[in-house]
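One letter stands for each residue in the lines below.
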Amino acid sequence: QVQLVESGGGLVQAGGSLRLSCAASGSIFSIGPIFSISTMGWYRQAPGKQREAVASMSGGGRTNYTDSVKGRFTIARDNAKRTVYLEMNNLRPEDTAVYFCNLRMFQPRRGDYWGQGTQVTVSS
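Attention in this report is confined to the structure presented alongside it. On a predicted model such as this, the values are computed, not experimentally measured, just so you know. (Residues numbered from 1 in each chain as written. Predicted model: local features only at pLDDT ≥ 70, side-chain atom pairs only at ≥ 80, totals over all residues. Heavy atoms only, no water.)

On to the pattern of salt bridges. Taken as a whole and judged by the stated rule, the model has 7 salt bridges. Asp-95 is paired through a salt bridge with Arg-72; the nearest N and O atoms lie 2.8 Å apart. Pair noted here: Asp-95 is in the loop between strand 8 (83-88) and strand 9 (97-105) and Arg-72 is in the loop between strand 6 (63-65) and strand 7 (73-78), with a separation of 23 residues, a long-range link. The exposure classification of Asp-95 matches that of Arg-72, with both residues buried. Across the pair Arg-104 and Asp-112 runs a salt bridge, and its minimum N-O distance is 2.9 Å. (Salt bridge = Lys/Arg side-chain N within 4 Å of Asp/Glu carboxyl O. Helix = DSSP H or I, 4+ residues; strand = E, 2+ residues; numbered from the N terminus. Buried < 20%, exposed > 50% of the residue type's maximum accessible area, 1.4 Å probe, protein only.)

Given below as structure tokens:
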């Protein structure tokens, strides 16, 4: 059982900033350090577009960003809080999308878990 809840989305002008948060909870985390060894990621889907990976961070701290957000977005995680963040700076209208939190679990089983998404709208 994994629940992911995103927050922090909203309407912002181009050039502005937002910080998204995703809090993980569920009985699975009582087993052990499940969150800390999972890879956390942020994905987004704009109208008429396919879902794309935006940023991710492995349990070991390795990060990955899609080219369009490099230098503008930063992913971070707090394992004690079981929370992952996405700091978004210098936002552009093309960043407008629903942003989804993803947890990729490896132990005790392999699986992907998703939040419901939070809307980010950047006005020009």
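Along the chain, Val-120 falls in strand 11 (residues 118-123). The class of Val-120 is buried, set by a relative accessible area of 0%. Along the sequence, Val-120 and Ile-75 sit 45 residues apart, while their C-alpha atoms lie 16 Å from each other. If we ignore the near neighbours within four places in the chain, the residues touching Val-120 are Gly-9, Gly-10, Leu-18, Leu-20, Met-88, Asp-95, Thr-96, Ala-97 and Tyr-99. (Contact = heavy atoms within 4.5 Å.)

Below, the discussion takes up the state of the cysteines. Across all of its chains, the model carries 1 disulfide by this definition. The residue that forms a disulfide with Cys-22 is Cys-101, at a sulfur-sulfur distance of 2.1 Å. Judged by the torsion about the S-S bond (-80 degrees), the Cys-22/Cys-101 disulfide is left-handed. Pair noted here: Cys-22 is in strand 3 (residues 18-25) and Cys-101 is in strand 9, with a separation of 79 residues, a long-range link. The same class applies to Cys-22 as to Cys-101, namely buried. (Disulfide = S-S within 2.5 Å.)

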